[in-house]
Amino acid sequence: LKQQGLLVYKATDAALFRAVTHRHDARPDLRLLPYALSAEAAPDAHLDGTRLRVLDHDLGDVRDMPLSFGGLAKYNIENLLAAAACAVGMGIRIE
């Protein structure tokens, strides 16, 4: 990753979490943005009830997002969270 790079990762993956924290110890310039279905695991990018939240942005009800299949496809909700975290972390405006 380049200087001041953004690292978005799944907070609930224990092996990945260890690797990321090890990397961050060596590269404190990296910006970390973990995501998870629960706010407890990832307060910055998570599912709040049925609302997708990334940083200060409410991105809407996942049941209205076709990829979530009415909010039932948890793996796709995690994909939506990862993509949204990348976009917001890179400074793409949410309107």
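Cut-offs used in this document
Residues numbered from 1 in each chain as written. Predicted model: local features only at pLDDT ≥ 70, side-chain atom pairs only at ≥ 80, totals over all residues. Heavy atoms only, no water. Core = buried A, V, L, I, M, F, W, Y, C linked by side-chain atoms within 4.5 Å. Buried < 20%, exposed > 50% of the residue type's maximum accessible area, 1.4 Å probe, protein only. Helix = DSSP H or I, 4+ residues; strand = E, 2+ residues; numbered from the N terminus. Contact = heavy atoms within 4.5 Å. Pairing = 2+ DSSP bridges. Axes fitted to C-alpha atoms, helices over the stretch in contact; angles between N-to-C directions. Expected span 1.5 Å × (residues − 1).

Chemist: Would you explain the nonpolar core in this entry?
Modeler: If you look at soluble globular proteins, the nonpolar side chains tend to sit buried side by side. Counting 16 residues, the largest nonpolar core has Tyr35, Leu52, Val54, Val62 and Ala85 as the members making the most contacts within it. Those elements that provide at least two residues to this core are β2 (31-35), β3 (45-48), β4 (51-54) and α2 (74-89). Of all the elements, α2 adds the most residues to this core, at 7 residues. Every residue in contact with Tyr35, bar those within four places of it in the chain, is listed here: Val8, Tyr9, Lys10, Ala11, Ala42, Ala45, Glu78, Leu81 and Ala82.

Chemist: Please clarify how the sheet that holds β4 should be interpreted in this entry.
Modeler: In a beta sheet, neighbouring strands are held together by backbone hydrogen bonds and run either parallel or antiparallel to one another. Strand order in the open sheet made by the 3 strands is β3-β4-β5, with antiparallel pairing throughout. The sheet is open, and its two borders are formed by β3 and β5 (57-61), each paired with just one other strand. On average, adjacent strands in this sheet sit at an angle of 20° to one another, irrespective of strand direction. Across the sheet, α2 touches β3, β4 and β5, and the angle it forms with β4 is around 30°.

Chemist: What is the right way to look at unusual backbone geometry in this model?
Modeler: Across residues other than glycine, the phi torsion is negative in most instances, and most of the peptide bonds are trans. Non-glycine residue Leu55 carries a positive phi angle of around 50°. On the secondary structure map, Leu55 appears in the loop between β4 and β5. Using a relative accessible area of 43% as the deciding quantity, one classes Leu55 as partly exposed. A positive phi angle is found at Phe69, which is not glycine, with a value near 50°. Among the secondary structure elements, Phe69 is positioned in the loop between β5 and α2.

Chemist: Would you mind showing me how to read α2 here?
Modeler: Across its 16 residues, α2 extends 22 Å between first and last C-alpha, which sits within 8% of the 22 Å expected from 1.5 Å per residue. Residues of α2 that are buried: Asn76, Ile77, Glu78, Leu80, Leu81, Ala82, Ala84, Ala85, Ala87, Val88 and Gly89. Where α2 is buried, its residues contact β1 (6-10), β2, β3, β4 and β5. Directly beyond the C-terminal end of α2, a positive phi value near 90° is found at Gly91.

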